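What follows is each chain in one-letter form.
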2 protein chains.
Amino acid sequence: MTDTSTICALATPGTGAIAVIRVSGPDAIGITEKIFLPAAKGKILGDQPPNTIHHGTIRDGNEVVDDVLVSLFRAPHSYTGENSIEISCHGSPYIEQKILELLVSHGAVPAKPGEFTRRAFLNGKMDLSQAEAVADLIAAETKGAHKVALQQLRGGFSDRLKSLREQLLHFISLIELELDFSEEDVEFADRKQLVGLVNEIKQLISGLINSFQLGNVLKNGVPVAIIGRPNVGKSTLLNAILNEERAIVSEIAGTTRDSIEDTINLEGISFRFIDTAGIRETADTIENLGIRRTYQKIEQASIVLLLTEASDPVETIRRTLEAIRQQLSGSDKHLVVVLNKSDRVSGKHISTPEKAIQLREHEHIISLSAEKRENIDRLTGLLLEIVNIGSLKHQDVVISNIRHYNALKSASESLERVSEGLVSDLPTDLLAQDIREVLHYLGEITGEVTTDEILGNIFKNFCIGK
Amino acid sequence: MTDTSTICALATPGTGAIAVIRVSGPDAIGITEKIFLPAAKGKILGDQPPNTIHHGTIRDGNEVVDDVLVSLFRAPHSYTGENSIEISCHGSPYIEQKILELLVSHGAVPAKPGEFTRRAFLNGKMDLSQAEAVADLIAAETKGAHKVALQQLRGGFSDRLKSLREQLLHFISLIELELDFSEEDVEFADRKQLVGLVNEIKQLISGLINSFQLGNVLKNGVPVAIIGRPNVGKSTLLNAILNEERAIVSEIAGTTRDSIEDTINLEGISFRFIDTAGIRETADTIENLGIRRTYQKIEQASIVLLLTEASDPVETIRRTLEAIRQQLSGSDKHLVVVLNKSDRVSGKHISTPEKAIQLREHEHIISLSAEKRENIDRLTGLLLEIVNIGSLKHQDVVISNIRHYNALKSASESLERVSEGLVSDLPTDLLAQDIREVLHYLGEITGEVTTDEILGNIFKNFCIGK
């Protein structure tokens with residue numbers, strides 16, 4: 001199943017102090033020897049012990065390309081499980097390209113996206129859900145996303161899933177043995193123990209399935225739509241929230257965080273604010289406006305902020321609210337009415353809409369002043385409360401991958417049939433079939449059951465060099 | 001002179017498969033030990049031999065931050081000459097930031113730009129011109145720039161300069177001894193040998209000074225101004241040249257070359273085409289146009305391409321040429337008249353302007369068709385001929401740094417006075433003073449003579465992590 005080619009790729013992006021080029025495969029050391037001259041006279045790279053670093057030059061014939069450090073790893077004790085080399089060179093695009101060209105001209109092939117990790121999976125260095133976590137970990141920009149990815153990389157739920165699957169495999173072998181002896185009506189597999197195991201798996205799976213919503217929030221952030229007429233203070237509000245965040249983020253020079261417009265990180269959760277420039281009039285004419293586009297944006301959101309001014313007539317707010325309610329009906333999206341510019345009205349007026357508007361489930365109302373930065377913390381607190389960050393603390397294992405979610409759902413349905421079968425004394429061959437299905441779906445998650453297509457889909461989204 | 005602090009910085013940019021964090025200083029290993037738990041039980045990082053790699057986890061208390069590889073280097077056998085650690089982690093901005101925060105919280109300080117290389121210089125791992133070459137090497141985007149930077153990094157001219165300087169130091173000590181015995185009219189320093197040494201230094205220095213123009217071309221590229229009225233085919237010409245280049249550049253997936261608009265790489269030399277959108281009319285009205293801006297662009301160029309059409313009346317071309325000649329007079333810029341759209345005129349007409357226009361020194365004329373890609377190679381060949389790429393092959397040592405150029409010029413002037421002094425039997429104390437000046441300027445290049453200000457100026461332009 002493993003590949004006999006030796007692959008190479010740049011593992012660091014762009015121009016920087018250091019660049020790292022990875023080489024992995026049976027000829028990784030041999031190919032590197034052809035282009036690397038150790039600084040120490042007479043040193044032979046191939047004779048060096050594993051996990052050591054060697055100084056020298058990369059050469060194109062007699063021409064020196066760069067002074068480098070070469071790290072040497074030997075199978076199976078490397079990332080991929082193969083012989084591997086990491087060349088640490090100066091981070092110049094010219095040098096990177098030149099070294100890759102030299103490696104290729106001596107027999108290495110350029111790695112495909114995710115191919116190092118794919119090999120790590122195929123060589124048993126990690127299971128499939130761990131391999132998937134590598135990409136998530138690199139993409140993680142918040143504490144929450146990092147936590148979910150790292151837990152998955154470190155075998156979080158897959159260890160337990162694998163162990164339960166193995167126990168189930170043991171049962172199926174006994175049950176299939178029964179089928180061989182079907183004339184004799186023997187029972188090798190203890191049905192009581194099987195019921196216990198099925199219940200244990202059910203409990204784990206249902207916990208994982210329930211964790212998906214939270215996992216998804218942690219991994220992908222929370223989409224929030226802000227609705228409101230122009231000049232009601234949308235960008236002032238975003239800036240005010242951003243400012244709240246900035247105050248608690250410590251910055252170390254050299255680690256530039258890519259600024260993503262309108263994405264705000266609160267306590268490790270990212271909130272993505274979706275631009276809804278649709279509603280250009282007051283609610284009086286809301287029906288007349290082409291706001292279908294706005295409603296589409298609302299569709300994508302988990303939380304809708306209806307931004308109004310504290311001084312708006314209650315009736316106007318109520319009508320806008322009603323229009324949005326119709327749009328949201330049937331969904332479990334949260335709706336937050338934000339009464340902005342609360343500093344411009346008297347205390348008495350502020351409380352009017354808050355009192356006058358009857359809130360339903362999943363609805364909230366808050367007064368604040370984006371401009372004066374007043375009560376911004378009430379809004380951020382509410383957002384965090386809605387996504388229920390608290391539940392993360394109780395939940396030690398969380399899934400965030402839609403592929404895992406779907407496989408768990410399918411496994412759960414098959415498990416339900418196994419349970420029913422056990423109660424209704426289903427013929428052993430049918431029971432065996434349902435158990436096989438459970439095994440299949442659980443195996444898909446960790447990669448015991450896989451196809452080139454599944455692997456292709458997973459690794460095509462990796463970056464090259466990983 | 002060396003620093004007792006331990007510094008840390010990210011040495012790779014942005015999000016990628018791998019990120020490398022560097023730590024250097026007396027506590028590099030100790031600080032890393034506080035946040036790194038080796039995977040092998042009982043392993044103590046501080047007890048490990050140098051140039052080894054260790055797998056484990058970075059921890060914030062009990063919380064795992066990432067699975068990493070830690071490379072260990074011990075003074076003086078490291079880049080900086082100090083104890084050093086390189087942490088190879090997943091290339092996620094969150095993880096990078098977190099590990100840097102942990103290092104800082106355990107006593108490391110964030111490195112300033114170029115501080116690792118500055119320490120390498122201060123610890124005698126490289127001289128100043130080599131340190132400067134590190135930044136040039138990283139920035140090198142062409143074969144030519146790479147060659148110049150690498151040669152300088154590997155001690156190209158500074159080794160020879162240092163050896164000559166040491167010989168001169170020997171002489172000055174003898175000469176100063178003479179001054180102590182001035183009453184006795186002795187001569188410890190052999191004047192003949194001194195003349196020989198001075199001539200040797202002169203020869204080296206004058207070679208280096210002469211190489212600066214070429215070095216500058218290799219390092220910074222050649223600025224080319226294209227002048228011509230709109231629609232004369234400027235962007236078609238650029239694309240045609242670019243196409244010529246693309247055909248000879250092999251691309252390996254994963255090494256994205258930042259595309260720099262209007263910069264074209266020919267045989268390792270980059271030509272930067274300066275946009276001159278100034279001339280919007282034919283030459284008849286050239287005086288009437290606000291083309292001062294165009295002339296300013298011409299000022300910055302080494303080569304001026306006057307783009308016209310082959311079918312333009314000779315008289316028009318001649319008048320435009322004359323206007324530009326006036327602008328260029330006194331400079332040694334090259335002027336190339338390009339007769340574009342040569343495919344649209346009959347063979348007879350093409351040759352008319354080529355024959356009719358009398359060229360002066362540094363002037364060239366070429367017919368081509370940018371659209372049909374005809375004779376583009378004649379133009380690129382001419383451009384390369386003008387920058388005299390051939391001379392690179394004969395010139396083994398090239399300088400490209402304006403600081404070195406200025407120091408060499410000053411050293412050269414002082415050397416001239418030393419020569420004259422030797423001929424005219426200048427009093428020994430005055431001769432000694434001139435020699436001291438030569439020593440000073442040569443020492444500035446390699447860093448034997450330096451100040452905090454010089455170092456500050458050099459390293460402030462480095463990236464952090466280098």
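Counting starts from 1 at the beginning of each chain's written sequence and moves along it residue by residue. Chain letters and ligand numbers both follow the written order, the letters beginning at A and the numbers at 1. Only residues with pLDDT of at least 70 are given local features in this predicted model, and only at 80 or more are side-chain atom pairs given and counted; all residues enter the totals for whole chains, interfaces and linings. To obtain the side-chain values, all non-hydrogen atoms of the structure were included, while hydrogens and water were left out.

S.K.: Tell me about the overall build of chain A, residues and numbers included.
M.R.: Here a strand is any run of E in DSSP of at least two residues, a helix any run of H or I of at least four, and the numbering for each starts at the N terminus. Within chain A one finds 16 helices and 13 strands. Counting all 466 residues of chain A, 53% fall into the buried class. The contact criterion used is simple: two residues touch if any of their non-hydrogen atoms lie within 4.5 Å. Sequence-distant contacts, at least 24 apart, represent 70% of the contacts inside chain A between residues at least 6 apart. Burial classes follow relative accessibility: with a 1.4 Å probe on protein chains only, a residue under 20% of its type's maximum area counts as buried, one over 50% as exposed, and anything between as partly exposed.

S.K.: An account of the sheet that holds strand β12 (residues 334–340) of chain A is needed here, citing residue identities and associated values.
M.R.: All names here are of chain A. In this description, strands pair whenever DSSP reports at least two bridges between them. Strand order in this open sheet of six strands is β9-β10-β8-β11-β12-β13, and the pairing throughout is mixed. Pairing within the sheet leaves two strands with one partner each, and these edge strands are β9 (263–266) and β13 (363–367). Averaged over all adjacent pairs, the angle separating strand axes in this sheet is 25°, with direction ignored. Each axis is a line fitted through C-alpha atoms, and for a helix only the stretch in contact is used; angles between axes span 0 to 180 degrees, taken between their N-to-C directions. Packing against the sheet, helix α7 (residues 191–220) makes contact with β8 (222–227) and β10 (269–274), and its axis sits at approximately 75° to β10.

S.K.: Describe the sheet that holds strand β13 (residues 363–367) of chain B, with residues and values.
M.R.: All names here are of chain B. As summarised here, the arrangement of the six strands in space is β9-β10-β8-β11-β12-β13, forming an open sheet in which the pairing is mixed. At either margin of the open sheet sits one strand with a lone partner, and together these are β9 (263–266) and β13. For this sheet the average axis-to-axis angle between neighbouring strands, irrespective of direction, equals 25°. Relative to strand β12 (residues 334–340), strand β11 (residues 303–309) runs parallel, the two sharing seven bridges. Counterpart to Val304 in the pairing with β12 is Leu335.

S.K.: Got a sec to walk through the pairing of strand β8 (residues 222–227) of chain B? Specific residues and values, please.
M.R.: Residues and elements named next belong to chain B. Most of β8 sits out of view: six of its six residues are buried. Across the two faces of β8 the burial is the same, with Val222, Val224 and Ile226 and Pro223, Ala225 and Ile227 all buried. Here β8 pairs with strand β10 (residues 269–274) via four bridges, running parallel. Looking at the pairing, Val222 lines up with Phe271 of β10. Pairing geometry for β8 and β11, over four bridges, is parallel. Its bridge partner being in β11, Val224 is matched across the sheet by Ile303.

S.K.: Explain the relation of the copies chain A and chain B residue by residue, including any values.
M.R.: Superposing copies: least-squares fit, C-alpha atoms only, residues required to have pLDDT of at least 70 in both. Its rotation angle being 180°, the transformation that places chain A on chain B also includes 0.0 Å of axial translation and leaves an RMSD of 0.1 Å. On this basis, the relationship between the two copies can be described by a two-fold rotation axis. Ranked by how close their C-alpha atoms come to the rotation axis, the residues of chain A are headed by Thr52 of chain A, at 2.2 Å. The fraction of interface residues of chain A whose copies in chain B are also interface residues reaches 100%, indicating that both copies meet through the same surface.

S.K.: Go over the packing of aromatic side chains, please, and point to the residues and values.
M.R.: A pair of aromatic rings is counted whenever rings of Phe, Tyr or Trp (Trp by its six-membered ring) have centres within 6.5 Å, and the orientation is called stacked for planes under 30 degrees apart, edge-to-face for over 60 and tilted otherwise. By the definition in use, this model includes six aromatic pairs over all chains. Measuring from centroid to centroid gives 5.0 Å for Phe459 of chain A and Phe462 of chain A, while their planes differ by 50°, and the two rings are tilted. Residue Phe459 of chain A shares its accessibility class with Phe462 of chain A, and that shared class is buried. Arranged with centres 5.6 Å apart and planes meeting at 75°, the rings of Phe181 of chain B and Phe188 of chain B form a pair that is edge-to-face. Taking the relative accessible area as the measure of exposure, Phe181 of chain B reaches 32% and is therefore partly exposed. Classification of Phe188 of chain B by relative accessible area gives partly exposed; the value is 39%. Only when the NZ of Lys or the CZ of Arg is both within 6 Å of the ring centre and within 35 degrees of the ring normal is a charge said to sit over the ring. Note that Arg22 of chain A overlies the ring of Phe116 of chain A, its terminal NZ or CZ placed 5.3 Å from the centroid.

S.K.: Pulling in residues and values, what's your account of the confidence of the model for chain A?
M.R.: All names here are of chain A. Scored by pLDDT, chain A comes out at a mean of 85, with 88% of its residues at no less than 70. Counted against residues more than four places away or in other chains, residues 246–261, with its pLDDT under 50, gives 19 contacts. pLDDT gives the predictor's per-residue confidence on a scale running from 0 to 100. Counting interchain partners and residues more than four positions distant, the pLDDT-below-50 stretch residues 277–290 has 23 contacts. Across the whole predicted complex the pTM is 0.79, and at the interface the ipTM reaches 0.79.

S.K.: Describe the interface of chain A and chain B, and please don't skip the residues or the numbers.
M.R.: Taken together, the contact between chain A and chain B spans 59 residues of the former and 59 residues of the latter. Summed over both sides, the interface between chain A and chain B buries roughly 4,800 Å², with carbon and sulfur atoms accounting for 64% of that surface. Salt bridges are identified by distance alone: a Lys or Arg side-chain nitrogen within 4 Å of an Asp or Glu carboxyl oxygen. Our count for the chain A to chain B interface comes out at four salt bridges. For Glu63 of chain B, the salt bridge identified is with Lys143 of chain A, shortest N-O distance 3.7 Å. Pairing of N or O atoms within 3.5 Å defines a polar contact, subject to two protein rules: one partner must be a possible hydrogen donor and the other a possible acceptor, and residues neighboring in sequence count only if both atoms are side-chain atoms. On the surface where chain A and chain B come into contact, there are 14 residue pairs in polar contact (both at pLDDT 80 or more). Defined here as a combined quantity, buried area equals the accessible surface (1.4 Å probe) lost by two parts on assembly, summed across both.

S.K.: Got a sec to walk through a negative patch on the surface? Specific residues and values, please.
M.R.: Taken together, the side chains of Asp185, Glu187, Asp190 and Asp425 of chain A present a region of like negative charge at the surface. Inspection of the secondary structure puts Glu187 of chain A in the loop between α6 (158–180) and α7. Only residues whose relative accessible area exceeds 30% and that form no salt bridge enter a patch; like-charged residues are grouped when within 9 Å of one another, and nonpolar side chains (Val, Leu, Ile, Met, Phe, Trp, Tyr) when within 5 Å. In this description, accessible areas are obtained by the Shrake-Rupley approach with a 1.4 Å probe, and a residue is regarded as covered only by the protein chains that are shown. The charged-residue count follows a simple rule in which Lys and Arg add positive charge and Asp and Glu add negative charge, with His and chain termini not counted at all. Charged groups are reduced to one reference atom each: NZ for lysine, CZ for arginine, CG for aspartic acid, CD for glutamic acid.

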